[in-house]
Amino acid sequence: MLESDLSNIVFNKIKLQQDKNMSEDKSINNAVVLSINQRRWRKFKTLKRGYYSLIILMSLYFLSFFLPILVNNKALVVKYNNSYYFPAFRDLLDIPLIGAVGGSSFTSGETLGQIGNASECRYRELQQQFKNSNSDNFVLMPLYPYNPFEGTDVKDGEKFMPPLSSINGSSIRLLGTDNNARDVFSRMAYGFQVSISFALFVAILEYLIGVPLGAAMGYFGGKFDLTMQRFIEIWHSLPFLFLVMILVSIFDSTFFLLVAVLTLFAWLGPAAQMRAQFLREKSRDYVAAAISIGVPTWQILIKHILPNSLVPIITFFPFAVVGGISALVSLDFLGFGLPAPTPSWGQMVSVGLEHVTDGYWWLVLVPLSAMFFTLILVTFIGEGIREAFDPKVFSRLR
Amino acid sequence: MFDYFLRRLLLTIPTFIGCTLVVFIIVQLAPGGPLETQIQNLRKGGGETSGNSSIAGEQTLPPQAIEELKRFYGFDKPLIVRYLIWLGVWKREAETYNVKINERRLVGNGKSILVKGDMTIVDADNLADVLDQWNVTAENVNGKISYRVYREEYSGILTGNFGKSWTYRKPVIELIKARMPVSIQFGIIGFILSYTVCVYLGIQKALRHNSKFDFFSSTIVFIAYSIPGWALGAVILVLFCTESFFPIFPLGGFEDKFYNELSFFDKILDRAYHFVLPTIAYTMSGFASLTMLMKNSLLDNLSQDYIRTAFAKGIREKRVIWLHAMRNSIIPIGANIGYLFGVLLASNYLIEKVFVIDGIGMLTFEAILARDYPIVFCYTVISVVITLFGSIISDLVLSLIDARIRFK
């Protein structure tokens, strides 16, 4: 428990410094009552860069689940002949894996008075139509009325539209369109959610595999450890992106296949860290004490050693997310990523670079800026967490 | 100590075999291999001439031809045998010919052989000379017996035979060698650049710990860490190479079209001109870890007791830092030197793709797309060997420069 003892001392120090303005009684009281994790959280909050990054990223990710009612080509509300329709909200309830809870969002154009349009209603046109007709029918569009998949508004066969342009008085294209005339802003926004979700899936899965394996290797040691170590060394030396590419080209790429394939290579990191931690912790006195009073092994592993071994892997988590995002964008860029219409940053970049001499710069800069922004936020969070968990304080003589 | 490194060296053997076996199996199991592509091409070809592709195509490709193709690519043997052949510990069919009895047949290296009626194979010019390394098999095809002679030898990566590329029809080693200089140049420039910058920056950051300079440089370093090199490369490519912004640098490639006509000095300039952006992209991602390693290592040492003692003795600050603290702080940096080997294969196909550089990464990437296994295997072998030996050499260097470290 050396580490937490050390951090106790350090955090007390910090606490004392912070609470100098408060009454002395209170500060001592606080320092005693707070658990180590509370103190870590307090320290994290004092590291503004990481703390604000966490708030921004969490709120953006939370907001991204409401994208269907914020960025969509379907109307929020349509009032037509005294009945109301809420197609965008039905999209919102179309949850991945579970399915459309609120029923299909499909409403044909004819139901809403678009004569001769039996397919999906074109809500932006409908809005104009209702405005011109002077009835009490109305269409309320989302904040940004384009979805990431439609590529219809093409002017003279030209599909690429630069940022901040629009055709015939329709809503402005904030960040232009891509090679299929799809909206870049919309694709970027949906791509954010895809990227973060993907990286979180990979990071959590790699922990679920890596932590128990690494723990078992470290605690039990012996032949199991030795063979696993060889295995890990082999796995570690493999040219990983190449193998991912080959595997992805064997099977048809889907979101979860890609998660699985990346996890296959990513679990090594947490496993190695857990192994080192458990190897170190098992020789401590408290483990010997637990063994001697007959605590079952699984309890020693989970209740005693695990809580003392979590620091490095918790601080590693944001960096695992960074790795996941980068890997996804890289694979998408190479064309081995998510299946075709999925809004992805890497795919936009590859289109932009293909046409690099034609000046479609926004296709490169927009998704990469979004990626940089996200990665930097996550890295700052990681740096903040690392510092909050780090009991080391460097002092220097002058 | 010696025992330790000997054991490490010996342990590379199973690791090497494991790595190559995994890659071998995965690659060979992937569909769309050369055999399938070949067969499909032949079918298509047959189909075009006869006008009806699906029916006529099936007919134009007899099973014998497929057998022959299989033999050509080595797919007539089980996977594990193929692997052993590739390693060079199992006999490989080096040459194979269809022959008739008692008929001369010209084989490789200008010799002629002849199969006698009693199935012995002799040198056609000297009938008494029986050739042991040649074998003959007889096959009964539709009542007609056809003979095939073949010569076997041990020839694989262990004997230095990496095979021929199926798309380029050239030895793989030649292809890789041709692309090596670019990678090495990138590697060495990147290595020198990152070490000088990172060590200096790390020292400055440590000496001014918690200052504004430290804070801002940390921010930049972490940004550089989180961004993949190729993505940064794509951004600077668009910003500094295209007409949309500031077209200062050349768009892709690593040398000018007229590179070979330039004078020596101009050649260097031209190379440098083409190298600026890719080098930035290439070095950037490694910056963070090295800088922070240097900073933390120096900070760690500066808070040690021996530094306190040195100060207490009245030694000047400069001397304490540069002579006492630095000598110990540079150890972990120096230990990274083993990865210098990495410059041999300093290729990142993502960066090469962005800057259209024809390097090893690009070669391998295209080989994967084309299922050109020999190139993929060769790349795997080189990269595995570099990783394995890199880490051993790093440990060796570490133990040499730091007398306190004892490996057991």
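Along each chain, residues carry numbers from 1 onward, in the same order as the chain's sequence is written. Throughout, the order in which chains and ligands are written sets their labels, letters from A for the former and numbers from 1 for the latter. Confidence filtering applies because this is a predicted model: local features only for residues at pLDDT of at least 70, side-chain atom pairs given and counted only at 80 or more, and all residues used for totals across whole chains, interfaces and linings. By convention in this description, side-chain values take in all heavy atoms of the structure and omit both hydrogens and water.

## A few points about the overall build of chain B
Put simply, the test is: Strands are runs of DSSP state E lasting at least two residues, helices are runs of H or I lasting at least four, and both sets are numbered from the N terminus onward. Relative accessible area decides the class of each residue, using a 1.4 Å probe on protein chains only: under 20% of the type maximum gives buried, over 50% gives exposed, and in between gives partly exposed. Any pair of residues with heavy atoms lying within 4.5 Å of one another is described as a contacting pair. All accessibility values rest on the Shrake-Rupley procedure with a 1.4 Å probe; residue burial counts only the protein chains present in the view.
Each helix and strand counted, chain B has 14 helices and seven strands in total. Taken over 408 residues, chain B has a buried fraction of 46%. Sequence-distant contacts in chain B: of pairs separated by 6 or more residues, those separated by 24 or more amount to 62%. Per element, the accessible surface of chain B, about 21200 Å² overall, is 61% carbon and sulfur.

## So, the confidence of the model for chain B
Residue and element names in this part refer to chain B. Inclusion rule: A score from 0 to 100, pLDDT tells how confident the predictor is in each residue.
Counting all residues, the mean pLDDT for chain B is 79, and 90% of those residues have values of 70 or more. Across chain B, the element-wise mean pLDDT spans from 47 in helix α3 (residues 53-60) up to 89 in helix α10 (residues 305-312). Low pLDDT, under 50, characterises residues 46-59; the stretch is placed with nine contacts to residues that sit more than four places away or in other chains. For this predicted complex, the interface confidence score (ipTM) comes to 0.79, while the overall pTM stands at 0.81.

## Some thoughts on helix α4 (residues 63-73) of chain B
All of the buried residues along α4 of chain B are I66, L69, R71 and Y73 of chain B. Once α4 of chain B finishes, G74 of chain B follows within two positions and takes phi at roughly 80 degrees, a positive value.

## Section: the pattern of salt bridges
Residue and element names in this part refer to chain B. Basically, it comes down to this: By salt bridge we mean one thing: a side-chain nitrogen of Lys or Arg within 4 Å of a carboxyl oxygen of Asp or Glu.
Taken as a whole and judged by the stated rule, the model has nine salt bridges over all chains. D358 is the salt-bridge partner of R179, the closest N and O atoms lying 3.4 Å from each other. Of this pair, R179 sits in helix α6 (residues 172-207) while D358 sits in the loop between α12 (349-355) and α13 (360-369); the two residues are 179 residues apart in sequence, bridging distant segments of the chain. Residue D358 is classed as partly exposed on the basis of its relative accessible area of 39%. Salt-bridge contacts for K295 lead to D214; the nearest nitrogen and oxygen are separated by 3.1 Å. With K295 in helix α9 (residues 264-302) and D214 in helix α7 (residues 212-226), this residue pair connects regions lying 81 residues apart in the sequence. Residue D214 is classed as buried on the basis of its relative accessible area, which comes to 4%.

## Here we look at the interface of chain B and chain A
Selection rule: Throughout, buried area stands for the accessible area (probe radius 1.4 Å) lost by two parts on being put together, summed over both. Pairs of N or O atoms are called polar contacts if they sit within 3.5 Å, as long as, within protein, a hydrogen donor faces a hydrogen acceptor (for residues adjacent in sequence, only side-chain-to-side-chain pairs). Classes in brief: Ala, Val, Leu, Ile, Met, Phe, Trp, Tyr, Cys and Pro nonpolar; Asp, Glu, Lys and Arg charged; the others, Gly included, polar.
Of the residues lining the interface, 59 residues belong to chain B; the matching set on chain A comes to 46 residues. Summed over both partners, the interface of chain B with chain A comes to about 4600 Å²; 79% of that surface belongs to carbon and sulfur atoms. Of all residues in chain B, F222, W230 and Y349 of chain B give up the largest surface area on contact with chain A, accounting jointly for 12% of the area buried on that side. Put simply, chain B and chain A have zero salt bridges between them. At the surface where chain B touches chain A, the tally comes to four residue pairs in polar contact (both at pLDDT 80 or more). Per-element accounting of the side of chain B that touches chain A gives the leading share, nine residues, to helix α1 (residues 2-29) of chain B. Grouping the amino acids of the side of chain B that touches chain A by side-chain chemistry returns 39 nonpolar, 15 polar and five charged.

## Details of the nonpolar core
Our working definition: Throughout this description, the term nonpolar core refers to a set of buried Ala, Val, Leu, Ile, Met, Phe, Trp, Tyr and Cys residues connected via side-chain atoms within 4.5 Å.
In this structure, M245, W345, L353 and L368 of chain A together with W230 of chain B are the most contacted members of the largest nonpolar core, which totals 161 residues. Broken down by element, this core gets its largest block of residues, 18 residues, from helix α16 (residues 362-389) of chain A. The next biggest cluster of nonpolar side chains, apart from the first, holds 22 residues, and it includes F287, L290, V320 and I321 of chain B.

## A closer look at α13 of chain B
Counting buried positions along α13 of chain B gives eight out of ten residues, so the element sits mostly inside the fold. Those residues of α13 of chain B lying buried are I360, G361, M362, L363, T364, F365, A367 and I368 of chain B. Buried-residue contacts for α13 of chain B involve α10 (240-250) and α14 (297-334) of chain A together with α6, α12 and α14 (373-401) of chain B. Two residues or fewer past α13 of chain B, R371 of chain B is found with a positive phi of approximately 55 degrees.

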